[in-house]
Amino acid sequence: MNIKPLSDRVVVKSVEADADAPGTYVIKSDVPKAISGTAKIKSETYDIKATFNEVGELVTLTSNLTVIYTSGDSLSVSAKCTFDDK
């Protein structure tokens, strides 16, 4: 079994229902350590949105990473997975 040390894991800060999208939950977490930790970064956010259908099955999972640098430049990356049982 391959288990990573705790320091390599992402810590979940909160899970909240998305008021604008029924069945969707926003998971806010720490930014992965590979990106975090440089003096050139002003702020960083890492959110995951999980959307479930009416029977509780996962339909979509979207992750969004946004990094704003002290220079004013920014980087935003989004990845979306769609689950279909057909």
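Nothing here was measured: the structure is a model prediction, and the numbers come from that model.

(A) Representation of the overall build of the protein. Along its length, the protein carries zero helices and five strands. Walking the protein from its N terminus toward its C terminus, one meets helices and strands in the order β-β-β-β-β. The buried share of the protein, taken over its 86 residues, is 15%. Residue pairs in contact within the protein that sit at least 24 positions apart in sequence constitute 23% of those at least 6 positions apart. With the model as given, the accessible surface of the protein reaches about 6700 Å², and the carbon-plus-sulfur share is 54%.

(B) Seen up close, the packing of aromatic side chains. The full count for this structure, using the stated rule, is one aromatic pair. Seen from their ring centres, Tyr25 and Phe52 are 6.1 Å apart, and the 65° between their planes marks the pair as edge-to-face. With Tyr25 in strand β2 (residues 24-29) and Phe52 in strand β3 (residues 41-52), this residue pair connects regions lying 27 residues apart in the sequence.

(C) Main features of the environment of Thr51. Tracing the sequence through the fold places Thr51 in strand β3. Taking the relative accessible area as the measure of exposure, Thr51 reaches 21% and is therefore partly exposed. Distance from Thr51 to Thr24, taken between C-alpha atoms, is 4.2 Å for residues 27 residues apart in sequence. Non-local contacts of Thr51, meaning those with residues more than four positions away in its chain, are made with Gly23, Thr24, Glu57, Leu58, Val59 and Thr60. A polar side-chain atom of Thr51 sits 2.9 Å from a polar atom in the side chain of Thr24.

(D) Representation of the pairing of β2 in the model. Sheet topology note: the strand β1 (residues 12-17)/β2 ladder contains five bridges and is antiparallel. In the strand pairing of β2, Glu16 is matched with Val26. Adjacent in sequence and paired antiparallel, β1 and β2 are bridged by six residues, among which Gly23 carries a positive phi angle near 85°. Bridge analysis of β2 against β3 gives six bridges, and the strand direction is antiparallel. Of the residues in β3, the one forming a bridge with Ile27 is Ile48.

(E) Quick look at a nonpolar patch on the surface. A grouping of Val12, Val15, Tyr25, Phe52, Leu58, Leu61 and Phe83 is seen on the molecular surface, where their side chains present a nonpolar patch of about 570 Å² in accessible area. Taken together, the elements giving at least two residues each to the nonpolar patch come down to β1 and β4 (58-69). Phe52 gets classed as partly exposed once you look at its relative accessible area, which sits at 32%.

Each value, and the rule that gives it
- Residues numbered from 1 in each chain as written.
- Predicted model: local features only at pLDDT ≥ 70, side-chain atom pairs only at ≥ 80, totals over all residues.
- Heavy atoms only, no water.
- Helix = DSSP H or I, 4+ residues; strand = E, 2+ residues; numbered from the N terminus.
- Buried < 20%, exposed > 50% of the residue type's maximum accessible area, 1.4 Å probe, protein only.
- Contact = heavy atoms within 4.5 Å.
- Areas by Shrake-Rupley, 256 points an atom, 1.4 Å probe, with all protein chains shown as cover.
- Phe/Tyr/Trp six-rings, centres within 6.5 Å; stacked < 30°, edge-to-face > 60°.
- Polar contact = N/O pair within 3.5 Å; in protein donor to acceptor, adjacent residues only side chain to side chain.
- Pairing = 2+ DSSP bridges.
- Patch = residues over 30% accessible without salt bridge, like charges linked within 9 Å, V, L, I, M, F, W, Y side chains within 5 Å.
- Salt bridge = Lys/Arg side-chain N within 4 Å of Asp/Glu carboxyl O.

Everything listed here is a matter of coordinates, which is why it stays silent on function.
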